[in-house]
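Next come the chains, spelled out residue by residue.
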Amino acid sequence: MQIDTTPNAGIQRSLRQCLSNAAFLLYQQGHVLETITIPFRGLDSRALRQLREASQEWPACQRVLESSEAAVYNEQGRFVLSAMGRELLFDMFGQGAADCA
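Residues numbered from 1 in each chain as written. Predicted model: local features only at pLDDT ≥ 70, side-chain atom pairs only at ≥ 80, totals over all residues. Heavy atoms only, no water.

## Focus: the packing of helix 3 (residues 45-54) against helix 4 (residues 58-67)
- Running from amino to carboxyl end, helix 3 crosses helix 4 at an angle of 130°, the nearest separation of the two axes being 8 Å. As summarised for this structure, helix 3 and helix 4 are arranged oblique, according to the angle between their axes. On the side of helix 3, the interface is formed by Leu48, Leu51 and Arg52, while helix 4 contributes Trp58, Pro59 and Gln62.
- Broken down by class, the residue content of the contact of helix 3 with helix 4 amounts to 4 nonpolar, 1 polar and 1 charged. (Axes fitted to C-alpha atoms, helices over the stretch in contact; angles between N-to-C directions. Helix = DSSP H or I, 4+ residues; strand = E, 2+ residues; numbered from the N terminus. Parallel < 35°, antiparallel > 145°, perpendicular 65-115°, else oblique. Contact = heavy atoms within 4.5 Å. Nonpolar A, V, L, I, M, F, W, Y, C, P; charged D, E, K, R; others polar.)

## What about the state of the cysteines?
- Inspection of the entire model under this criterion finds 1 disulfide.
- Covalent S-S linkage joins Cys18 and Cys61, the inter-sulfur distance amounting to 2.4 Å. Every disulfide takes its handedness from the sign of the S-S torsion; for Cys18 and Cys61 that torsion is 120°, giving right-handed. Of this pair, Cys18 sits in helix 1 (residues 7-28) while Cys61 is found in helix 4, placing the two residues 43 residues apart along the sequence. The pair Cys18 / Cys61 is uniform in exposure class, with both members buried. (Disulfide = S-S within 2.5 Å. Buried < 20%, exposed > 50% of the residue type's maximum accessible area, 1.4 Å probe, protein only.)

## A short note on helix 4
- For helix 4, the full list of buried residues reads Trp58, Cys61, Gln62 and Leu65. Buried residues of helix 4 fall within an arc of 100° about the axis and therefore sit on the same side. Residues of helix 4 that are exposed and point over 90 degrees away from its buried face: Arg63 and Ser67.
- Just downstream of helix 4, Glu69 is the residue with a positive phi angle, here 65°. (Arc of directions from axis to C-beta.)

## A word on helix 3
- Of all the residues in helix 3, the buried ones are Ala47, Leu48 and Leu51. Here the buried residues of helix 3 occupy an arc of 100° about the axis, which is enough to place them on one side. For helix 3, the exposed residues set more than 90 degrees away from the buried face come down to Ser45, Arg46 and Glu53.

## A few points about the environment of Ser67
- Within the fold, Ser67 resides in helix 4.
- Its relative accessible area of 62% is what places Ser67 among the exposed residues.
- Separated by 3.3 Å, the side chain of Ser67 and the backbone oxygen of Val64 make a polar contact. (Polar contact = N/O pair within 3.5 Å; in protein donor to acceptor, adjacent residues only side chain to side chain.)

Spelled out as structure tokens, the structure:
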């Protein structure tokens, strides 16, 4: 078995871990994955503040999602996954997790 040690592989692993943590943290705070997978929904500033206050892990996770462009702010200024972030989440959790139709 050959292990991919390219920098891109490390970034993907980190991003996948972050998406998994984000899903867990969202559920802990009463959100569902559709909160960040549906482009017109998203987390507003109040919800983001609550996540930061509830978990020491959230700020780092949010930074990873933003810097990798797996998450963006929509037209309403809400935090949502980008198309790439949704695709990766779909790969990890299955169709229902990132079904935006």
